Structures are given as C-alpha cells and as structure tokens.
Amino acid sequence: MADDSCSSIPNTSEPEIEILSKFRLKQRRVDQTDIEKKLLLYSYVPIEKLAEHVAQWRSIYVTKKPSDQWATVGIVDRCIVRKQYMVVRLTDMRGMHAHLFMTGKAFDALHDKINKATILGIFEPCIVWSSEMRADVAIQASRTDQLLLIGTSYDLVQCIQYVTQEKQCENMVDGRSGNYCDRHLERLCKRSKNTRMELASGDSALEIRWARVSKTPQGDVYESTSRMQSNTTTRKKEFTYTIKGLGSITSDGVHLQTRNTTSKEDKATKKKELTEFLRGRTDPGAEMLRLVNGIQDDRPKSPALSKDAMMKMGLSTRQVLTKEEAAAKKRSIDALLKTTANKEEETQKKQRYVYL
C-alpha cells in the first residue's frame, strides 16, 4: 500500500515535536492536550527503557508488584496483517525495537489505519512472553482504548537504494542521518574504498553507530553506542511469542498451528468408522491398521498370501480349526503323551543285569 508516510525524502515543512517521546511529526492526528489528559492516569515509559520496565515482572527479588497503569509511544516501521491479528514493530530509530500484537476489537477497528511511520501510543498493554533468550519486548492490545494514533513521523523514511530494477529496499532509516540503510551504506563505502589505493591496502573498516551525549562537569561528552543501535530499523532474527487466545505467533506474523486435541467421543466414533471400513479386509495394510488402532476382527483370518507362495516360503497353509476339531486334536495329543509316559515307566521298572 503506497502511503506518503513512506516517502524517501522527509517533508520540507517545519515539523512539530511530540512533547513526551520527542518524535518529530509530519502530521498530527490528536491534539497534545488530549494526549496529556489521557496520560494523567498512566506512567509514561520511553520505548528505549521498555525492556528494563518489562523485566520487573520477572524479577527474582520480592518487591512490590509493578503497576499495570503504564503507557509508551513508538514509531511503526513494519506492519504485518493477518486474518485475525496484526503484528506491528515499534522503534525509536536508534536500534530499539518492540513488537505489538493487535487482536480482537483493536484489530478490527485499526488494522487498516496503521501504516509505516505512524506514531502510535499504547496504554495499559498486556505483556506477552517468549521462551527464547534475549527476545525483544512484546506487548498485546485487544481493546480500542489501548491504542492512540498520534500522527505520522517526520524522520522515518525508506532507504532510497533499489534491490532490483523495480524493487526498492524495504529498510526504514532515520532521515536525519541520510537516505541509505546501514547495509547499502557499507556497500557503497566498500566500493569506494576499493577504487582508492591509499585505503585499499589498510585494514580499516566502517562501523555505523549513533553518538550518545552525556553531561559532565567538563561539558558534553560524546560516546559511541553499541553496534546494534544504528539508524537502520531492520532486524534479522525473529522470535516466537505466546499470544492469549491465538497460541504461538512469531514476530514476523507466522502462526504456529498446534495439534488439536480430540475428545473421547470423537475418538470412539472414528474408531467405529474405521472398524466398519476394515471389516472383511485381509490385506496386509488392513491388518496393520487393526494392529495400530487396537481393532479386533471377529471373522476367521485367512492367509494374505496364496498357498503356493506360503509353501515356497516354508509356511503352513492349514486353515483355522473348529472347536470340535481342536478338542479332538487335543485328546489325540494327550493320549499319545500318556502312552509315551507309560512306556518310559516300564523301561525304568525293568531289572537291569550287569555281566562281569
């Protein structure tokens, strides 16, 4: 969906600054006084401190339970819409990310109104967890009063480099630092380095980082931040979260289907249908299905192979005996065993002579 909020060059008009998050606005949808009134009942948490705030719910220290009355503001840099939910990635354009899962009435009302570069306010969200280590912070909103569309970002723009002749790079960058993402900026610098002999022989490399300003008695000190905090909002690794009412969903919108549990009545019905289907069948496949599902066939079993094939394999081709035949066979075997036992007893009673 094409939108003016994803243009590659920031608007030249004078931007308006959102007081809480300090994000610059190209277009405002909600008045600042209305935002401040709504935040009277909530404690504001900047998105760069969201991970530290959420960690309180899993702290090993026994302290006062943190309040659920909190809110945050972030810029949308990715939107993934599905049939029942929407996954939004929030950023501060400094490498900090958080994922928002929109479900229920919030999804029905706002899924077509949120685009890239939308500045979104989230109030009293539900924290969702991941079993993976070092996963990004993720929250869930299911009510419309939990979300507030503040406006459109002035600085978040799309990388102007083209991946193919017709496809533009999808990475979103901070327009104040340039119009190229880190990947294409490093590629351009590497290409330029290879054409300059004074740089081609060295081992110098390009690292793109944001400078962090700290106040000291001597004045402002500029320190480089971590490598992960750059002007590009792209992230390669995706995480899996457990969403209430939906199950496991990844941060890129993939719903991991779980195996549905069937009731005892459904299992009994399916077993009965399978029994009727296998009735009278004597092929090896039917026998295997009976063995796996615990189905017993009342009919006498006949060999699956022909008599000639069984004789070649050295197997017996006898049919199943009736009750009368089995009883007669048992009497014959018992009589034979009894006769053999009597002969052995007579042999033991017979006197033995030793010739000297």
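Relevant structure appears above.
Summary of the structure given here. (Residues numbered from 1 in each chain as written. Predicted model: local features only at pLDDT ≥ 70, side-chain atom pairs only at ≥ 80, totals over all residues. Heavy atoms only, no water.)

### Quick word on the environment of Ile150
For Ile150, the location among the structural elements is in strand 10 (residues 147-153). You can call Ile150 buried: its relative accessible area is 1%. In this structure, the C-alpha to C-alpha distance between Ile150 and Arg29, residues 121 residues apart in sequence, is 5.3 Å. Discounting residues that sit within four places of it in the chain, Ile150 has contacts with Glu18, Gln27, Arg28, Arg29, Val30, Ile35, Val73, Ile119 and Gly121. (Helix = DSSP H or I, 4+ residues; strand = E, 2+ residues; numbered from the N terminus. Buried < 20%, exposed > 50% of the residue type's maximum accessible area, 1.4 Å probe, protein only. Contact = heavy atoms within 4.5 Å.)

### Digging into the environment of Thr250
Relative to the elements of secondary structure, Thr250 occurs in strand 16 (residues 247-250). Accessibility expressed as a relative area gives 10% for Thr250, which makes it buried. Taking the C-alpha atoms as reference points, Thr250 and Ser130, 120 residues apart in sequence, are found 9.5 Å from one another. Excluding residues within four positions of it along the chain, Thr250 makes contact with Val87, Phe101, Phe239, Thr240 and Leu256. A polar contact is formed between the side chain of Thr250 and the side chain of Asp252, at a distance of 2.4 Å. (Polar contact = N/O pair within 3.5 Å; in protein donor to acceptor, adjacent residues only side chain to side chain.)

### Quick notes on unusual backbone geometry
The phi dihedral of Ala117 is positive, around 75°, even though this residue is not glycine. Assignment of secondary structure puts Ala117 in the loop between helix 3 (104-110) and strand 7 (118-123). Phi angles above zero are rare outside glycine, and Glu124 is one such case at about 50°. Relative to the helices and strands, Glu124 is located in the loop between strand 7 and strand 8 (126-128).

### Considering the packing of aromatic side chains
Within the structure shown, the criterion is met by two aromatic pairs. In this structure, Lys38 is placed above the aromatic ring of Phe123, and the distance from its NZ or CZ to the ring centre is 4.8 Å. One cation-aromatic arrangement involves Arg281 over Phe277; the distance from NZ or CZ to the ring centre is 4.4 Å. (Phe/Tyr/Trp six-rings, centres within 6.5 Å; stacked < 30°, edge-to-face > 60°. Lys NZ or Arg CZ within 6 Å of the ring centre and 35° of its normal.)

### Considering the side chain of Asp77
Relative to the elements of secondary structure, Asp77 occurs in strand 4 (residues 70-81). Among the residues examined, Asp77 registers a relative accessible area of 2% and is labelled buried. Here the side chain of Asp77 touches Arg89 through a polar contact of 3.0 Å, side chain to side chain.

### Side note on the state of the cysteines
Counted by the stated rule, this structure contains zero disulfides. The thiol of Cys159 is not disulfide-bonded; the next cysteine sulfur, from Cys181, is found 3.8 Å away. Under the relative-accessibility criterion, Cys159 is labelled buried at 0%. The closest cysteine sulfur to the non-disulfide-bonded Cys169 is located on Cys181, 4.0 Å from its own sulfur. (Disulfide = S-S within 2.5 Å.)

### Comments concerning the sheet that holds strand 16
The strand order 15-16-17 describes an open sheet built from three strands, whose pairing is antiparallel. The open sheet has two edge strands, strand 15 (240-243) and strand 17 (255-256), and neither has a second partner. For strand 16 and strand 17, the ladder comprises two bridges, and the chain directions are antiparallel. What sits directly across from Ile249, in strand 17, is His255. (Pairing = 2+ DSSP bridges.)

### Some words on the side chain of Thr91
Relative to the assigned elements, Thr91 resides in strand 5 (residues 86-91). Classification of Thr91 by relative accessible area gives buried; the value is 0%. A distance of 3.0 Å separates a polar side-chain atom of Thr91 from the backbone nitrogen of Met93.

### So, the pairing of strand 6 (residues 97-102)
Counting buried residues in strand 6 gives six out of six residues, a clear majority hidden from the surface. Burial along strand 6 is two-sided: His97, His99 and Phe101 and Ala98, Leu100 and Met102, pointing in opposite directions, are all buried. Alignment of strand 5 against strand 6, held across six bridges, turns out to be antiparallel. By the bridge assignment, Arg89 is partnered in strand 6 with His99. Counting the residues that bridge the hairpin from strand 5 to strand 6 gives five residues, and of these Met93 lies at a positive phi of roughly 65°. Pairing between strand 6 and strand 9 (residues 137-141): five bridges, direction parallel.

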